[in-house]
Amino acid sequence: MSTRQTSWNKDKPLYLDYQATTPTDPRVVEKMLPYFSEKFGNPHSRTHHYGWEAEDAVEVARAQIASLIGASPKEIIFTSGATESNNLALKGVGRFYKDRKNHIITCVTEHKCVLDSCRHLEMEGFDVTYLPVQQNGLINLSDLAAAMTDQTALVSIMAVNNEIGVIQPIAEIGKMCRQRKIFFHTDGAQAVGKIPINVDDMNIDLMSISGHKLYAPMGIGVLYVRRRPRVRLVAMINGGGQERGMRSGTLPTPLCVGMGEACAIAEKEMAAETERLKMLRDRFHDGINGRLSEVYLNGDLEHRIPGNLNLSFAYVEGEGLMMGVNDLAVSSGSACTSASLEPSYVLRALGVEEELAHTSLRIGLGRFTTEQEVDYAVEKICFEVERLRQMSPLWEMAQDGIDIKSIEWADH
Amino acid sequence: MNEYAYLDHNATTPVRPEALQAISAALALGANPSSVHGPGRAARRVLETARAQVAALVGAAPSDVIFTSGGTEANNLALRGCGRQRLLVSAVEHPSVLDSGAQIIAVDGHGIVDLERLDMMLAADNTPALVSVMLVNNETGVIEPVARVVEIAHRHGAQVHCDAVQAAGKIGLRMADLGVDLLTISGHKIGGPAGVGALIVNGLEDRRDLDLTASAFGGGQERGIRPGTENLPGIAGFGAAAQVAGAAISDMVRLGAMRDKLEAALRAIDPDVVIFGERVERIATTSFLTLPGTDSTTQLMAFDLAGIGVSTGSACSSGKVRASGVLTAMGIADDVASTAVRVSLGWSSQDIDIKAFISAWAELHERRRKSAESEKLIRPAA
């Protein structure tokens, strides 16, 4: 950790939303900057120095990304982000193989862009199975096995959930898919750079990666597309033929360079960072549990990335809690849907009761989070929860031993 | 490579200092613009400022701007998302428009779209159509009569998309004056970064006649038309570049004078130089011209050795050795087209770049003349 440069200043909200986006690592920024100005060439210009220089940089980045996930650089397709990658994987593969197989399996807690793509494919005539999850947020492998048919073209199960940070049994899923000759796509946006991923060992055929979730900038992503056995897909953006025809458009050299450097850093530092984040996460969790009762962790603790906690605080009012901790940049769910007041569909899929789903906080820790920040956030959250509970008649009743669920409320 | 003369601004431009500053500032923000907390809202403000800056460059309303990952994506979104079954595009469009399976509208020898042909094609079939004609050609710099295309298309009930990637920042551009329904612009052609562009839809909020179905599905960003976490640093840089490019449009006078000087100098050396589109309206920064008798590949290698970067046409296809599709569409013979190179200037171009090109060109020309002479000596009767 050479660049823990952010000593947090209390005039700014404390950033604990690393699953929404990560700050771009200053080391990554430094590598990117020359490619905006002095090395600005179009990597597809094959007629002069500037073009070749940019192309070389893009190819270095491609190799860095491939190395992190055990792939060949030729299997790395640059996109504008994980949303595009997920769309391309599902619709691209689905449409290519549609005449032979028309069944897709995914799960109810996937990112919205996977679910929306699946809904769209249903309108195009595909059958989609949405697997449920267990209370810990993980799919049941026997459900998966039961859902697979000889019509199944693709299984798409995310590696790590964006709200609750749970890690799905990717290697097992990959093995099951390979045995049945079904393509396996995984949304790796929250996983790559955080946990070890090897596309060969895990039998992953397609994987979406996001730049801005691994300390690279926004606006860049990757779709890993396996070459042996070959996965084919119908492109969504045409004209120019870049990225082996799978994704046309001028490659943004600085963003590609940033993505490559971020992967190289992650590969080098993942082990140490995991230990440090686990320590901070435990410190956070223990700090909260040491002071508050009736706090529930959503999602499995063991099969979970170290940088995520998703906690529900009983007997507080959700909006009041968010207002109370407004100097902490935390979220109640995924950023894409955070403007809506609907409780998270991920938490509901886990069977979390509506009241508890409304009072959940997603706490995302990351590379620049410090012990001091964790301590401050714990103190702040405990203080607010205690304050809100003191005002809550339900909390008072619960303290008196009344089972709130047994109360029959009068109709108004 | 400070001495290198970069004359390929139509492929990409260096990022303007103001844009680089905006990019750096946005990179330091580190929040998702969709997050509701303080840092998220700060990111959202940067996004909306940039939207207004980009809108201002083309005289559109900020609410008309849909940010994309670039010109290619914006063109794809316009053509596939417009919900029109019939597409008509000019023969000199960028591959991202041309490869859409559309019917092709022929162009004349200057590369200008044939308006009578367009009128006839639209009259022959009343399937709801979208016509796509670029404002400025990326290879020749020729300005297309888009306002007249709109007049004809709208008369037939067709919508019009215009790829203005090479026009923005180089000619005054007001969406309302052009009358187009959809317009594409790109960040890295105006001194912003690559990886960002915009599709601008005239009156997006109130339009019922356009069915811009999203081609990607997800988080609902950009009003659901283009989901995915916004490329905030890219968009911030795009906005800053749009603002500077709009204000610096007078720089076209300087660049136009440089371009004219270059063309005059080459013509003085060899009156047989062909300059494509020179007799019609062109932007100030582009010259697509031949060195008679010397094929493009030889020229490109010689220019690169002399520290000059030019190209044979669009960057996407410059790896392939074949004549430009634009020149073929203009009816230019292959032996002429195969001796063409494109010189394109931009905001960072200086007189010294032009001088370097002229002297390298003169040297190549002289070499060609000498070898032609010696061939004559060896085979006088040939």
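Just so you know, the residues in each chain are numbered from 1, in the order the chain's sequence is written. Whichever chain is written first becomes A and whichever ligand is written first becomes 1, with later ones labelled in order. It should be noted that, the model being predicted, local features are given only for residues of pLDDT at least 70 and side-chain atom pairs only at 80 or more, the latter also being counted only at that level, while totals for whole chains, interfaces and linings use all residues.

Chemist: Can you explain the interface of chain B and chain A? Please cite residues and give values.
Modeler: Listed per partner, the contact involves 61 residues of chain B and 56 residues of chain A. Within the residue set of the side of chain B that touches chain A, elements represented by two or more residues are helix 1 (17-29), helix 2 (38-57), helix 3 (71-81), helix 4 (95-98), helix 8 (232-247) and helix 10 (296-305) of chain B. Each residue belonging to the side of chain B that touches chain A can be placed in one class, and the counts come to 27 nonpolar, 29 polar and 5 charged. Once C-beta atoms are placed from the backbone, any two residues with those atoms within 7 Å are in contact. In DSSP terms, a helix is any run of H or I states spanning at least four residues, a strand is any run of E spanning at least two, and both are numbered starting from the N terminus. Only Asp, Glu, Lys and Arg are considered charged in this grouping, and only Ala, Val, Leu, Ile, Met, Phe, Trp, Tyr, Cys and Pro are considered nonpolar; every other residue, Gly among them, is considered polar.

Chemist: An account of the domain arrangement of chain B is needed here, citing residue identities and associated values.
Modeler: Residue and element names in this part refer to chain B. Domain delimitation in this document rests on an assignment produced automatically or drawn from a domain database. If you check the domain split of chain B, you get domain 1 (5-12 + 250-378) and domain 2 (60-228). The interface of domain 1 with domain 2 comprises 24 residues on the first partner and 23 residues on the second. Among the elements of the structure, strand 9 (286-290) and helix 11 (325-329) are those that each provide at least two residues to the side of domain 1 that touches domain 2.

Chemist: Hey, could you go over the sheet that holds strand 3 (residues 103-107) of chain A for me, with residue numbers and the actual values?
Modeler: All names here are of chain A. When DSSP finds at least two bridges between two strands, those strands are taken to pair. Strand order across the open sheet formed by 7 strands is 2-8-7-6-5-3-4, with mixed pairing between neighbours. For this open sheet the edge positions go to strand 2 (76-79) and strand 4 (127-131), each flanked by a neighbour on one side alone. Strand-to-strand twist in this sheet, taken as the mean axis angle between neighbours without regard to direction, amounts to 20°. Of the pairings in the sheet, the one linking strand 6 (residues 183-187) to strand 7 (residues 206-210) comprises 3 bridges and is parallel in character. Looking across to strand 7, one finds that Asp-187 is bridged to Ser-208. Every axis corresponds to a line fitted to the C-alpha atoms, with the helix fit spanning only the stretch in contact, and the corresponding angles, defined between N-to-C directions, vary from 0 to 180 degrees. Sitting on the sheet, helix 4 (residues 112-123) is in contact with strand 3, strand 4, strand 5 (152-156) and strand 6, with an inclination near 155° to strand 3.

Chemist: Give a detailed account of the packing of helix 2 (residues 49-69) of chain A against helix 7 (residues 253-291) of chain A, specifying residues and quantitative values.
Modeler: Geometry of a packed helix pair, given as the angle between the helix axes and the separation of the axes. All names here are of chain A. For the pair helix 2 and helix 7, the least separation of the axes is 8 Å and the interaxial angle reads 30°. In the crossing of helix 2 with helix 7, the sense of the turn from one axis to the other is left-handed. Two secondary-structure elements touch here, helix 2 through Ala-54, Ala-57, Val-58, Val-60, Ala-61, Arg-62, Gln-64, Ile-65, Ser-67 and Leu-68 and helix 7 through Thr-253, Cys-256, Val-257, Met-259, Gly-260, Glu-261, Cys-263, Ala-264, Ala-266 and Glu-267. Less than a right angle of anticlockwise turn of the near helix away from the far helix marks a crossing as left-handed, whereas a clockwise turn marks it as right-handed.

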